[in-house]
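If you want the building blocks of each chain, they are given just below.
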Amino acid sequence: MEGIIVIVVLRPHSSREEIESVKEILHAHGLSAMESSVMDSSMLISEGTGTSELISIVENLPAVERVVVVPGVQRLTSRVFRPENTHVRVGALTGAVFGGPEFVVIAGPCAVENVTQMNAAVDTVVGSGAVMLRGGAFKPRTSPYSFQGLGLAGLTLLAEQRKRTGLPVVTEVVTPKDVEFVAEESDMLQIGTRNMQNFELLREAGASGRPVLLKRGMSATIEEWLLAAEYLLHVGNGDVVLCERGIRSYDRSTRFTLDLSAVAEAKRLTHLPVIVDPSHSTGQPHLVAPMSLAAAACGADGLIIDVHTDARNAMCDGAQALSGEQFADVMTRLTPVVEAVGRTMAPTRAHSLASV
Ligand code: PEP
Ligand code: MN
């Protein structure tokens with residue numbers, strides 16, 4: 001058993017002395033023992049060269065509930081550690097649950113621009129059955145000359161839509177110092193492709209207590225993506241949803257190359273939910289419908305789709321945004337595919353917009 005990773009799940013209410021004695025035994029055998037607490041369990045995560053004798057000694061210590069030996073580099077995100085699907089609830093009663101039987105569609109504009117734009121986009125996506133809203137207030141743009149987002153004012157406009165509809169909202173956070181107030185004004189923190197390996201940001205987002213939507217780095221391997229998620233779980237946040245959003249390839253006919261095999265592979269390797277962004281990956285509205293259907297068919301737990309009712313004048317990523325009609329068409333066509341793979345479209349739990 002060379003280079004194994006052992007997760008020692010501790011019994012609840014174990015005393016400090018009992019826990020320390022487990023650590024001492026692990027240390028004496030050359031294994032590290034890092035304390036972590038996630039998904040209602042406390043545990044020691046160790047790495048080193050273990051033996052089956054050591055594992056049986058540890059298994060019999062009073063503080064130990066079970067010992068899991070995880071192959072490969074993943075630990076808390078691994079299906080070996082947790083075989084069943086993790087369900088991630090976002091928002092309260094009117095919220096969405098990722099990773100369960102329901103297929104969750106998040107929709108809204110790439111960037112929050114103004115109240116008129118937000119009202120129009122939100123009315124149309126909610127009318128077609130979106131169960132969660134998106135909108136960027138802090139935009140990590142490739143060029144410093146591009147619209148950088150409205151910042152705090154954008155966050156306020158998004159929070160107004162959250163109140164108006166009762167639906168949860170996801171928005172990107174780009175720097176650790178913003179995590180606290182973005183977490184206050186939203187239901188889920190998005191870590192974008194350009195920040196997937198911003199480890200300080202991951203630690204801070206993980207500690208915020210809010211669910212996190214972790215987009216795959218555009219040049220990240222599946223392993224690097226899962227290890228980025230591992231940072232979030234390691235600091236105690238088990239509410240992580242992964243998002244495949246396309247990777248760099250040589251082909252410039254699409255904005256990125258949507259890697260749907262990564263969805264199926266990530267679902268095999270991890271218990272965390274995985275969703276797909278057909279907008280940022282393809283960069284083209286006519287590819288959003290076919291890729292949405294394919295994502296549902298290959299086992300994705302949901303989608304995040306850019307919608308703008310005046311895409312030609314959008315301040316960010318207008319070229320890839322669906323109109324309200326195009327989004328309605330995707331939603332209609334998704335239903336039979338979602339049902340064919342044994343799931344249901346999550347029903348909208350929005351307040352009646354007419355009453356607002
Ligand atoms: C976004 O969803 O607004 C976004 C910027 O996506 P990505 O990080 O995948 O480019
Ligand atoms: Mn965008």
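Residues numbered from 1 in each chain as written. Chains lettered and ligands numbered in written order. Predicted model: local features only at pLDDT ≥ 70, side-chain atom pairs only at ≥ 80, totals over all residues. Heavy atoms only, no water.

(A) Local environment of the coordination of the manganese ion (ligand 2). On the protein side, the manganese ion (ligand 2) has Cys110 (SG), His280 (NE2) and Asp317 (OD) as donor atoms, found 1.9 to 2.2 Å from it. Counting the intervening residues between successive donors of the manganese ion (ligand 2) yields the motif C-x169-H-x36-D. Of this pair, Cys110 sits in the loop between strand 7 (102–108) and helix 3 (115–127) while Asp317 sits in the loop between strand 14 (302–306) and helix 11 (324–340); the two residues are 207 residues apart in sequence, bridging distant segments of the chain. The class of Cys110 is buried, set by a relative accessible area of 4%. (Donors = N, O, S within 2.8 Å, 3.2 Å for Na, K, Ca; no water. Helix = DSSP H or I, 4+ residues; strand = E, 2+ residues; numbered from the N terminus. Buried < 20%, exposed > 50% of the residue type's maximum accessible area, 1.4 Å probe, protein only.)

(B) Broad picture of the site of ligand 1. Contacts to ligand 1 come from Cys110, Arg134, Lys139, Glu172, Gln190, Gly192, Thr193, Arg194, Lys215, Arg245 and His280. Within the complex, 97% of the 290 Å² of free accessible area of ligand 1 lies under protein. Mapping ligand 1 onto the cavity grids shows that it belongs to the second largest pocket. Classifying every residue of the shell around ligand 1 by side-chain character gives one nonpolar, four polar and six charged. (Near = heavy atom within 4 Å. Areas by Shrake-Rupley, 256 points an atom, 1.4 Å probe, with all protein chains shown as cover. 1 Å grid on protein atoms, 1.4 Å probe; cavity = no way out; pocket = protein on both sides within 12 Å on 5 of 7 lines; lining within 4 Å. Sits in = over half its atoms within 2 Å of the grid points. Nonpolar A, V, L, I, M, F, W, Y, C, P; charged D, E, K, R; others polar.)

(C) View of the pattern of salt bridges. Counted by the stated rule, this structure contains 20 salt bridges. As a salt-bridge pair, Lys23 and Glu20 come within 3.9 Å of each other at their nearest N and O atoms. Here Lys23 pairs with Glu20, and both are found in helix 1 (residues 16–28), just three residues apart, close to one helical turn. Connected through salt bridges with shared partners, the residues Arg16, Glu20, Lys23 and Glu35 form a single ionic network. (Salt bridge = Lys/Arg side-chain N within 4 Å of Asp/Glu carboxyl O.)

(D) Inspection of the packing of aromatic side chains at higher detail. Inspection of every chain in the model, using the stated rule, returns two aromatic pairs. Ring centres of Phe138 and Phe181 lie 6.2 Å apart, and the angle between their planes is 55°; this geometry places the pair in the tilted category. Here Phe138, found in the loop between strand 8 (132–134) and helix 4 (152–165), pairs with Phe181, found in helix 5 (residues 179–185); they are 43 residues apart in sequence, far enough to count as distant. By relative accessible area, which is 29% here, Phe181 ends up partly exposed. (Phe/Tyr/Trp six-rings, centres within 6.5 Å; stacked < 30°, edge-to-face > 60°.)

(E) Fine view of the domain arrangement of the protein. Per the domain assignment, the segments of the protein are domain 1 (4–70) and domain 2 (88–345). When each unit is reduced to the centre of its C-alpha atoms, the spacing between domain 1 and domain 2 is 36 Å. Facing six residues of domain 1, the contacting portion of domain 2 comprises six residues. Across the interface of domain 1 and domain 2, roughly 430 Å² is buried in total on both sides, 67% from carbon and sulfur atoms. The largest per-residue losses of area from domain 1 upon contact with domain 2 belong to Ser36, Val38 and Met39, which jointly make up 69% of the total buried on that side. At the junction of domain 1 with domain 2, the criterion picks out zero salt bridges. At the junction of domain 1 with domain 2, the criterion picks out one residue pair in polar contact (both at pLDDT 80 or more). Examining the composition of the side of domain 1 that touches domain 2, we find that four residues originate from one element, strand 2 (residues 34–38), more than from any other. Of the residues in the side of domain 1 that touches domain 2, the class split is four nonpolar, two polar and no charged. (Domains from an automatic or database assignment. Contact = heavy atoms within 4.5 Å. Buried area = accessible area lost by both parts, 1.4 Å probe. Polar contact = N/O pair within 3.5 Å; in protein donor to acceptor, adjacent residues only side chain to side chain.)

(F) Inspection of a negative patch on the surface at higher detail. A cluster of acidic residues, Glu180, Glu184, Glu185 and Glu204, forms a negative patch at the surface. Among the elements that make up the negative patch, the one with the highest residue count is helix 5 (three residues). Secondary-structure assignment places Glu185 in helix 5. Assessed through its relative accessible area of 31%, Glu185 is described here as partly exposed. (Patch = residues over 30% accessible without salt bridge, like charges linked within 9 Å, V, L, I, M, F, W, Y side chains within 5 Å. Lys, Arg positive; Asp, Glu negative; His and termini not counted. Charge placed at Lys NZ, Arg CZ, Asp CG, Glu CD.)

(G) Here's a closer look at the packing of helix 1 against helix 2 (residues 52–59). Relative orientation of the contacting elements helix 1 and helix 2 amounts to 170°, with a least axis distance of 11 Å. As the angle between them shows, helix 1 and helix 2 are arranged roughly antiparallel. The segment helix 1 lies against helix 2, with Val22, Ile25 and Leu26 engaging Leu54, Ile57 and Val58. Considered class by class, the residues forming the contact of helix 1 with helix 2 number six nonpolar, no polar and no charged. (Axes fitted to C-alpha atoms, helices over the stretch in contact; angles between N-to-C directions. Parallel < 35°, antiparallel > 145°, perpendicular 65-115°, else oblique.)

(H) Region of the structure containing the side chain of His271. Relative to the elements of secondary structure, His271 occurs in the loop between helix 8 (260–269) and strand 13 (274–276). Side chain to side chain, His271 and Thr86 meet in a polar contact 2.7 Å long. Residue contacts for His271: discarding those within four places in its chain leaves Met39, Leu76, Thr77, Ser78, Arg79, Arg82, Glu84, Asn85, Thr86 and Leu233.

(I) Up close: the environment of Leu189. Positionally, Leu189 belongs in strand 10 (residues 188–191). Along the primary structure Leu189 and Val174 are separated by 15 residues, whereas in three dimensions their C-alpha atoms are 9.7 Å apart. For Leu189, the residues in contact, after removing those within four places along its chain, are Val170, Thr171, Val173, Val179, Val182, Ala183, Ala205, Ser208, Arg210, Pro211, Val212 and Leu213.

(J) Representation of the environment of Ala111. Take Ala111: it is sitting in the loop between strand 7 and helix 3. Considering only alpha carbons, one finds Ala111 and Ala220, 109 residues apart in sequence, at a separation of 24 Å. When residues no more than four places from it in sequence are discounted, the contact partners of Ala111 are Gln117, Gly136, Lys139, Phe147 and Cys316.

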